[in-house]
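# Inside the fold
Here are the chains, one letter per residue:
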Amino acid sequence: MSRLPPALLYLTIYNPTLKPTGPVADDDEDAEEQAHILFYTSRERAVSRDKMLRQVGLAKALINFSEMFVSDDACDNVHSQSRRMFMVSPEPGFWIHACIELAKTPRPLPPSKGKSKDKGKTKAKETDKGRNGEAQIVYDYHDGSVHDLALRAQILRGYEEFKLIHGSFTSILNTLGQQALELQLERFFTVWAWRWDIYEDSDFGKYLGVPLHPLRKSIGSLLEDFILDNTSLKDCAPFILSYPHLVPSTSYTANPPSHVLPSYLRSRLRPAPAPPAPTTPSELSPASPKAGADIFVNGMNATREAMEATGQAFVAIGASMDVRKWGWPGYLTFSKGATRRVGLQELPSPGAQKEEKVPADATSEATPDGGATDAAKSEAELQGEVDRESLHEAISSDGIGPQGGDPDEELAPTPHAIEAAVNADGPQQEEGELPEEEEHNPSPPGSPSTPVVRPPNFTAPPSPSSSQGTLPVPAPPPSFRSLYLHFAPPDDSIATAPRPVLYIAKDQLALAFLEPTPALSEEDTSALHQASSAFLANVQGLIDHEEASKAEATVAVTAAKILQPKDKYAITTGKETAITSAEFSSRAEHLFNGSQLISEGDAIEVFSRTQGPQHWHIARREAGGAVYLEVSRKETSLSDVENELAGIVRRFRDSQ
């Protein structure tokens with residue numbers, strides 16, 4: 001059955017030294033305990049106050065109990081069969097407490113064997129049933145699905161990101177107060193907690209830090225030359241981001257402002273999408289759209305929009321019609337040869353109506369000489385005699401005026417409507433002659449008397465000053481994008497202060513640095529922006545040249561070598577950065593265990609080998625960092641692994 005990944009149960013941030021800010025009732029014994037909680041969120045959405053206080057009280061009790069034995073190292077995690085509890089203190093007095101549910105797999109239910117005579121078995125079955133009588137699902141929990149080092153690093157990374165954006169807990173509490181701190185914690189950690197993917201973030205490469213670029217040496221030399229040419233960036237810790245790698249400068253490596261700054265800035269810069277590969281007609285699959293399919297889709301969309309607009313127009317017309325007049329003759333006439341509605345005083349007699357209903361074919365047969373028919377004559381007579389008062393009433397009641405107006409209110413007919421309806425009062429056109437406006441858009445032949453309604457011209461007349469021309473608006477000078485982030489000095493990690501970070505992005509590269517002090521003038525900023533843009537173009541050219549050279553040097557390899565799994569390695573430099581192999585990714589708990597042994601214990605080198613697939617995992621301590629290796633090749637001996645590890649270390653030292 002499917003395996004469910006580890007998930008967060010609840011997360012809380014508290015400070016046991018805080019006191020209630022408002023008046024406290026005498027019978028409220030938990031007011032002081034509740035004042036300690038600054039932030040709380042749970043998967044259960046709605047949690048009672050008692051349950052929240054019990055969860056926080058358990059974490060306090062575990063910490064206080066452990067401090068009775070070791071005052072310098074308090075309890076930071078508790079393991080159970082299905083959960084992990086973590087207590088992390090990023091600042092003095094503040095605690096972040098998280099409860100994680102381990103990965104679990106539903107156990108298949110045993111098949112029912114019918115009724116049993118044993119009473120004990122019957123009782124056991126009843127205990128396995130829920131409230132609704134359905135059998136409860138039993139889960140098998142996987143203790144190795146999460147590691148303490150990875151979870152602790154992820155929690156601290158979330159805290160560092162909060163401190164980078166808002167400042168430290170202590171600085172906010174001292175400057176803005178407890179209410180402001182609670183509000184900022186609520187805004188940040190509510191989103192962060194439920195965006196936290198414990199399984200994806202447990203990658204060993206993410207735990208080590210931001211990976212350095214393979215061409216860091218050549219790109220770093222260009223960066224140092226650029227800093228020498230622009231001396232204002234000397235103490236601004238500039239660095240280059242080339243997704244997903246980092247190229248730090250010497251000043252950044254010596255004193256990094258924040259080890260989460262590159263990852264945070266990288267999250268704001270979306271990688272450019274890869275261009276689609278060109279396809280030939282032979283590569284088109286039967287399921288792929290044919291040529292002209294996009295035109296068909298566009299045509300369908302246009303038709304749908306036109307139908308929606310027509311439907312809205314009919315709704316508007318129906319809303320403005322007077323239902324009491326639907327029974328009038330000629331009020332609702334939608335036939336092809338329907339005549340125009342006229343006033344009640346000019347309605348023809350029933351006999352005349354019968355004459356009008358004669359088919360056109362029969363009339364034409366009766367007059368083979370091509371003369372005018374009786375129906376046409378009666379229609380011409382009706383056109384010549386139009387009651388203006390009735391026409392005015394019809395226009396005002398039909399809603400030709402503004403939509404949504406009062407139907408009883410008199411509205412002045414538009415000039416186009418009067419001109420179209422009272423053609424008989426004006427000079428008559430000769431036979432075969434069309435007005436100037438109708439020469440290009442003739443009316444349909446089936447309805448010669450239908451007036452043409454044209455939309456009004458809303459174009460404003462040109463102003464006298466517009467004919468003289470307007471002065472061109474000068475383009476703003478090029479400038480950097482900026483972010484106001486919080487940084488702390490090296491000797492005091494709590495005293496954070498805001499400082500702008502300037503950056504410029506071009507394609508998949510970005511150059512970022514702290515704003516120089518004092519601030520540059522507008523001319524100097526524009527010159528630095530142009531120099532930075534040219535510098536990024538040179539860096540991109542260097543990367544493209546190296547990739548082209550590598551592609552030319554690629555030799556043909558056998559299929560067996562392609563299918564053979566490649567070794568993965570990672571080298572840490574001690575500055576939250578790592579040098580990794582291409583596409584390094586591993587969630588093996590052996591690497592986390594080896595990292596814990598060489599960092600906290602006296603071990604220098606740790607070798608481990610799995611039983612299922614026989615993989616080797618090595619962790620080795622080096623000066624200023626560590627080396628990690630994962631070998632997935634079959635039939636690899638310990639000496640082969642040792643030689644591979646020595647070769648990686650030698651190549652790393654030669655590249656420095």
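Residues numbered from 1 in each chain as written. Predicted model: local features only at pLDDT ≥ 70, side-chain atom pairs only at ≥ 80, totals over all residues. Heavy atoms only, no water.

Moving on, we come to the packing of aromatic side chains. Under the counting rule described, the total for this entry stands at 18 aromatic pairs. Seen from their ring centres, Tyr-159 and Phe-169 are 5.2 Å apart, and the 75 degrees between their planes marks the pair as edge-to-face. Remark: Phe-169 occurs in helix α5 (residues 169-175) and Tyr-159 occurs in helix α4 (residues 148-165); sequence separation between them is ten residues. Judged by its relative accessible area of 0%, Phe-169 is buried. A ring pair is formed by Phe-204 and Tyr-628, whose centres lie 4.9 Å apart and whose planes are at 75 degrees; its orientation type is edge-to-face. Of the two residues, Phe-204 sits in helix α7 (residues 204-208) while Tyr-628 sits in strand β18 (residues 625-631), which places them 424 residues apart along the sequence. Its relative accessible area of 5% is what places Tyr-628 among the buried residues. Put simply, the rings of Phe-39, Phe-94, Tyr-159, Phe-162, Phe-169, Phe-188, Phe-189, Trp-192 and Trp-196 touch in pairs and so form one group of aromatic residues. Seen from the ring of Tyr-199, Arg-587 lies directly overhead, with NZ or CZ sitting 4.5 Å from the centre. (Phe/Tyr/Trp six-rings, centres within 6.5 Å; stacked < 30°, edge-to-face > 60°. Helix = DSSP H or I, 4+ residues; strand = E, 2+ residues; numbered from the N terminus. Buried < 20%, exposed > 50% of the residue type's maximum accessible area, 1.4 Å probe, protein only. Lys NZ or Arg CZ within 6 Å of the ring centre and 35° of its normal.)

Glancing now at the pairing of β18. Most of β18 sits out of view: seven of its seven residues are buried. Residues Gly-625, Val-627, Leu-629 and Val-631 point to one face of β18 and Ala-626, Tyr-628 and Glu-630 to the other, with burial holding for every one of them. In the sheet, strand β14 (residues 568-572) pairs with β18 via five bridges, with the strands oriented antiparallel. Residue Ile-571 lies in a different strand from β18, and its bridge partner there is Val-627. Strand direction decides the pairing type here: strand β17 (residues 616-622) and β18, joined by seven bridges, are antiparallel. Across the sheet, Ile-618 pairs through a bridge with Leu-629, a residue of β18. Taken together, β17 and the strand that follows it, β18, pair antiparallel across an intervening segment of two residues, in which Gly-624 is found at a positive phi of about 80 degrees. (Pairing = 2+ DSSP bridges.)

For the structure on display, the rule yields 16 salt bridges. Between Glu-160 and Lys-163 there is a salt bridge, and its shortest N-O distance comes to 3.6 Å. Here Glu-160 and its partner Lys-163 are both found in helix α4, three residues apart, which amounts to about one turn of the helix. The same class applies to Glu-160 and to Lys-163, which are both buried. One salt bridge connects Arg-633 with Asp-567, and the closest N-O pair in it is separated by 3.2 Å. In this pair, Arg-633 is assigned in the loop between β18 and α20 (638-655) and Asp-567 in the loop between α18 (559-563) and β14, connecting sequence segments 66 residues apart. Beyond isolated ion pairs, a larger network of salt bridges with shared partners links Glu-605, Arg-620, Glu-622 and Arg-653. (Salt bridge = Lys/Arg side-chain N within 4 Å of Asp/Glu carboxyl O.)

Right, let's get into the pairing of strand β13 (residues 509-514). Extensive coverage of β13 is indicated by the burial of six of its six residues. Of the two faces of β13, the one carrying Leu-509, Leu-511 and Phe-513 and the one carrying Ala-510, Ala-512 and Leu-514 are both buried. One ladder, built from four bridges, connects strand β9 (residues 239-242) with β13; its direction is antiparallel. Along β13, the bridge assignment pairs Ser-242 with Leu-509. The turn linking strand β12 (residues 497-506) back onto β13 is made up of two residues, and Asp-507 within it adopts a positive phi angle of 60 degrees.

What follows concerns the sheet that holds strand β1 (residues 7-14). A sheet is described by the order of its strands in space; here five strands give the open sequence β2-β1-β5-β4-β3, paired in antiparallel fashion. The open sheet has two edge strands, β2 (37-42) and β3 (77-79), and neither has a second partner. When strand polarity is set aside, the average angle formed by the axes of neighbouring strands in this sheet is 10 degrees. Where β1 meets β2, five bridges bridge the pair, whose relative direction is antiparallel. (Axes fitted to C-alpha atoms, helices over the stretch in contact; angles between N-to-C directions.)

Our next topic: the environment of Pro-490. Along the chain, the position of Pro-490 falls in the loop between β11 (481-487) and β12. Judged by relative accessible area, which is 71%, Pro-490 ranks as exposed. Once the C-alpha coordinates of Pro-490 and Pro-256 are considered, the two residues, 234 residues apart in sequence, prove to be 9.1 Å apart.

Residue Pro-244 is reached from Tyr-243 by a cis peptide bond, and omega for that bond is 0 degrees. Note on placement: Pro-244 falls in the loop between β9 and β10 (245-248). Across the junction of Thr-517 and Pro-518, the peptide omega takes the value -5 degrees, indicating a cis bond. With respect to the element layout, Pro-518 can be found in the loop between β13 and α17 (522-553). Of note, Arg-45 is a non-glycine position whose phi angle comes to about 65 degrees, a positive value. Looking at the element boundaries, Arg-45 is found in the loop between β2 and α2 (49-67). Classification of Arg-45 as exposed rests on a relative accessible area of 78%. One non-glycine residue, Asp-507, adopts positive backbone phi at about 60 degrees. Along the chain, the position of Asp-507 falls in the loop between β12 and β13. Assessed through its relative accessible area of 63%, Asp-507 is described here as exposed.

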